[in-house]
Amino acid sequence: MRIAIFRRAATAAAMALLLGAAPAHARDDYPSRPLKMVVPFAAGSAADTLSRVVATQLASQLGQAVVVENKAGAGGTIGTVDIARAPADGYTIGLAAQGTLITNQALYDKPGYDSVKDFTPIAVLADVANVLVVAPGSPYASVAELMQAIKAAPANKFSFSSSGVGTSHHIAGVVLGQSLGKPLMHVAYTGAPQGLVAVMSKEVDLGLYNIPAAIGLIRGGKLKPLAVTSRGRSPLLPDVPSLDESGLKGYEVTLWFGIIAPAGVPADRVARLHKELDAVMRQPALRAKLTEQGYDVAPTPLAPSADFTALIGRDLEKWLRVLKSLRGGTQ
């Protein structure tokens, strides 16, 4: 009897040791605490708006809070570095944009991260176009008038704002200047809201901001839209032409947003996050809300994480050479 009791006790102790030694990600309780979503852009930006809508619904799916943390600055590199350096346990995720993972690799000598090696791509959520805006009191009533004035003026006479070097606002302005044969003066602000205020107050002549960040100000009469940067018109701004149809043939600057995590997150946790994000993005009310705000929402079921990885690779190959050729005139 004592031997049997001893054996049972020894077996129980051994099992306890084995369970205690098992890695945390082997358990089925993920997530057992709140997650953090790092957004490397300012509050009120298009990236921030998307992140907060998604985070709220993702929290409901996971049964844990998803806390959005804005870490803006340096074209998104500051917050993106934080994502790369976070523990690879699935409790820190982040908002990635084409600017942070693609553009910054060309515009910064040392952005602080490698877009391929330092992250686990999870899912692309949406695309957005930019809109060229001026102050309501601007003398330019159309994009044709503005382009004519830029062409007639000395280089860098016209200025545009952005939320930082490497953002889509910045690249859109650089490409616009190149397309017109007249470089524009770039003035970087700490975030999209600050850059938009600079346009409204005429500190700068124009801006090319993500439609979700600018649409409220446009509807409120505080900004005048002249053109969009997508190849075709935006359903939200049907009366506003594209730059392509306005004479700048081939002009197109749009960007994607997706969710990433640090490199090395266990595959089962990546799969869980992808599954729950897919459930979030299937919700009709959420899709309608984001579409109304100017996002081109990704179709569901969401593309596999491997497709996001492939997209990053293709865009790096497509854009790095082009962006590096612009670098001398974009800082």
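Residues numbered from 1 in each chain as written. Predicted model: local features only at pLDDT ≥ 70, side-chain atom pairs only at ≥ 80, totals over all residues. Heavy atoms only, no water.

## Observations concerning the overall build of the protein chain
- Secondary structure summary: the protein chain contains 11 helices and 10 strands in total.
- Expressed as a percentage of its 331 residues, the buried residues of the protein chain come to 50%.
- Counting only contacts in the protein chain whose residues sit at least 6 apart along the sequence, the fraction spanning at least 24 positions is 77%.
- Carbon together with sulfur atoms contributes 57% to the accessible area of the protein chain, which is approximately 14700 Å² in total. (Helix = DSSP H or I, 4+ residues; strand = E, 2+ residues; numbered from the N terminus. Buried < 20%, exposed > 50% of the residue type's maximum accessible area, 1.4 Å probe, protein only. Contact = heavy atoms within 4.5 Å. Areas by Shrake-Rupley, 256 points an atom, 1.4 Å probe, with all protein chains shown as cover.)

## Comments concerning the side chain of Lys-224
- Position of Lys-224 relative to the elements: it lies in strand β8 (residues 224-228).
- Here Lys-224 occupies a buried position and makes no salt bridge, while the nearest side chain of opposite charge, Glu-145, is found at 7.0 Å.
- For Lys-224, the side chain forms a polar contact with the main-chain oxygen of Tyr-140, separated by 3.0 Å.
- Excluding its chain neighbours within four sequence positions, the residues that come into contact with Lys-224 are Leu-132, Val-133, Val-134, Ala-135, Pro-136, Ser-138, Tyr-140 and Ala-141. (Lys, Arg positive; Asp, Glu negative; His and termini not counted. Salt bridge = Lys/Arg side-chain N within 4 Å of Asp/Glu carboxyl O. Polar contact = N/O pair within 3.5 Å; in protein donor to acceptor, adjacent residues only side chain to side chain.)

## Brief notes about the confidence of the model for the protein chain
- Looking at the protein chain as a whole, its pLDDT mean stands at 90, while 89% of the residues score no less than 70.
- Residue range residues 1-26 is modelled with pLDDT below 50. Its contacts to residues more than four positions away, or to other chains, number 6 contacts. (pLDDT = per-residue confidence, 0-100.)

## Overview of empty space enclosed by the protein
- Under the definition given, this model contains 1 cavity of 30 Å³ or more.
- Taken as a whole, the largest cavity encloses approximately 160 Å³ of empty space.
- Phe-41, Ser-45, Ser-163, Thr-167 and His-169 are, among the 23 residues lining the largest cavity, the residues nearest its centre.
- Those elements giving two or more residues to the lining of the largest cavity turn out to be α2 (46-62), α6 (168-180) and β9 (254-262). (1 Å grid on protein atoms, 1.4 Å probe; cavity = no way out; pocket = protein on both sides within 12 Å on 5 of 7 lines; lining within 4 Å. Points joined across faces, edges and corners; volume = space filled by probe spheres on them.)

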